[in-house]
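Observations on chain architecture
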Amino acid sequence: MRIVLLGAPGAGKGSQAKKIAEKYGLPHISTGDIFRSLRPDTELGRIFAEYSAKGQLVPDEIVLKIVEERLEKDDCKNGFIMDGFPRTIPQAEAFERDIHADVALNFQVDYGILMDRLTGRWTCKKCGAPYHVSTMNGITVCSKCGGELIQREDDKAETVAKRLQVYDSQTKPLIEFYEKVGVLKTLDASKPIDEVFEKIVQILDNL
Ligand code: AMP
């Protein structure tokens, strides 16, 4: 099963991708996580830092090369969950030319909720687990692995506003793109995590 997750930053794609990966035994491919795992002293690491600090997208040809390399790995033979890719029409066109998604799950959430989720988000530096400032109660380390909790550079308010603008202009058009392809399923992703997941399971089990 080849699953593409569409939706603005903060829509909950990462959290749901982890749950789908666990239930269906598929690899979770997050282009954002791949970029963040690059060493900052490498050419690619530097390019990523430059674009993401401004809330901008990394150029398509770089993203496409990284995704292509990742999809060649054995664990993708039976499918995968794409989280954060495609993010532009040229990326989607290249992906659909070569690979095809069986389903594109579109996570719909209001702008106000996205702002709150992103600007309040703190992340474990070690395992990537997400936290929200409203429920952290002053803790500074991850309850799962003991790693330090940090606010991602690109989750700071000015950068978040820019990321949401970039989403509107470059990524939102993918909703129409996948509607035309005929595999789009839209979800109300402002609901609690478990409710959203139940809906996803219903959709995937009926494919
Ligand atoms: P994310 O964690 O998915 O929000 O990604 C963090 C940052 O990585 C984005 O703001 C972009 O700079 C970059 N990035 C991740 N995926 C893509 C993509 N498919 N196309 C372009 N840039 C990307």
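Okay, so let's go over this structure. (Residues numbered from 1 in each chain as written. Predicted model: local features only at pLDDT ≥ 70, side-chain atom pairs only at ≥ 80, totals over all residues. Heavy atoms only, no water.)

1. Digging into the nonpolar core
Heads up, the condition is: In these notes, a set of buried Ala, Val, Leu, Ile, Met, Phe, Trp, Tyr and Cys residues joined through side-chain atoms within 4.5 Å is what counts as a nonpolar core. Between buried and exposed lies partly exposed: a residue is buried under 20% and exposed over 50% of the maximum accessible area for its type, with that area taken using a 1.4 Å probe on protein chains only. Every helix listed is a DSSP run of H or I at least four residues long, and every strand listed is a run of E at least two residues long, numbered separately from the N terminus. Contacts are assigned to residue pairs that have any heavy atoms within 4.5 Å of one another.
Ranked by size, the top nonpolar core spans 26 residues in total, and within it Ile3, Leu5, Ile20, Ile81, Leu105, Phe107 and Ile200 carry the most contacts. Where this core is concerned, the elements lending two or more residues are strand E1 (2-7), helix H1 (13-24), strand E4 (103-108), helix H6 (111-119), helix H7 (157-171) and helix H9 (193-205). Considering each element in turn, this core owes the most residues, six residues, to H9. Among all residues touching Ile3, those that are not within four sequence positions of it are Ile20, Leu26, Phe80, Ile81, Met82, Val103, Leu105 and Leu204. Grouped together as the second largest cluster of nonpolar side chains are 25 residues, Val63, Cys76, Ala104 and Leu184 included.

2. Structural notes on the site of the ligand
This is how it is decided: Only heavy atoms are used to decide nearness, and a residue is near a molecule or strand if one of them lies within 4 Å of it. For the purposes of these results, a polar contact is taken to be a pair of N or O atoms within 3.5 Å, where, inside protein, one atom must be able to donate a hydrogen and its partner to accept one; residues adjacent in sequence count only when each atom of the pair is a side-chain atom. Areas reported here follow the Shrake-Rupley algorithm with a probe of radius 1.4 Å; residue values treat only the protein chains shown as occluding. Any residue that is not Ala, Val, Leu, Ile, Met, Phe, Trp, Tyr, Cys, Pro, Asp, Glu, Lys or Arg is counted as polar, Gly included; the first ten are nonpolar and the last four charged.
Residues in contact with the ligand amount to 17 residues; listed here are only the nearest, Thr31, Arg36, Gln56, Gly84 and Arg87. With respect to the ligand, the backbone of Val58 contributes an N or O atom lying 3.0 Å from a nitrogen atom. Here an oxygen atom of the ligand and a side-chain polar atom of Arg87 are 2.9 Å apart. Protein coverage of the free-state accessible area of the ligand, which is 480 Å², stands at 95%. Counting only elements with at least two residues in the shell around the ligand, the list comes to helix H2 (31-36) and helix H3 (43-53). Looking at which element gives the most residues to the shell around the ligand, the answer is H2, with four residues. Across the shell around the ligand, the residue classes break down as six nonpolar, six polar and five charged.

3. Points about the sheet that holds strand E5 (residues 121-124)
For clarity, the cut-off: At least two bridges found by DSSP between two strands is the condition for calling them paired.
Spatially, E6-E5-E7 is the arrangement adopted by the three strands of the open sheet, whose pairing is antiparallel. Unpaired on one side and paired on the other, strand E6 (130-132) and strand E7 (149-150) mark the two borders of the sheet. Sheet topology note: the E5/E7 ladder contains two bridges and is antiparallel. When the sheet's bridge partners are listed, Thr123 is paired in E7 with Ile150.

4. Re the sheet that holds E1
For sheets, the rule is that strands pair by backbone hydrogen bonds, running either parallel or antiparallel. To keep it simple, the criterion reads: Each axis is a line fitted through C-alpha atoms, taken for helices only over the stretch in contact, and angles between the N-to-C directions span 0 to 180 degrees.
Across the sheet, five strands lie side by side as E2-E3-E1-E4-E8; this open sheet has parallel pairing. The two strands at the open ends of the sheet, each matched to only one other strand, are strand E2 (28-30) and strand E8 (184-188). When the angles between neighbouring strand axes are averaged without regard to direction, this sheet yields 25 degrees. Of the pairings in the sheet, the one linking E1 to strand E3 (residues 80-83) comprises four bridges and is parallel in character. Among the inter-strand pairings, Leu5 is bridged to a residue of E3, identified as Asp83.

5. Here we look at the packing of aromatic side chains
The condition that has to hold: Note on aromatic pairs: the rings of Phe, Tyr and Trp (six-membered ring only in Trp) are paired at centre separations within 6.5 Å, and the planes decide the class, stacked below 30 degrees, edge-to-face beyond 60, tilted for the rest.
In the structure shown here, the tally under the stated rule is four aromatic pairs. On the numbers, 5.3 Å between centres and 5 degrees between planes, the contact of Phe35 with Phe48 is stacked. Note that Phe35 is positioned in helix H2 and Phe48 in helix H3, a separation of 13 residues in sequence. For the pair Phe35 and Phe48, a shared accessibility class is recorded, and that class is buried. Relative to Phe95, the ring of Phe80 has its centre 6.2 Å away and its plane inclined at 70 degrees; by these criteria the two rings are edge-to-face. Taken together, the positions of Phe80 in strand E3 and Phe95 in helix H5 (residues 89-98) put the pair 15 residues apart, joining distant regions of the chain. Comparing Phe80 with Phe95 shows no difference in burial state: the two are buried.

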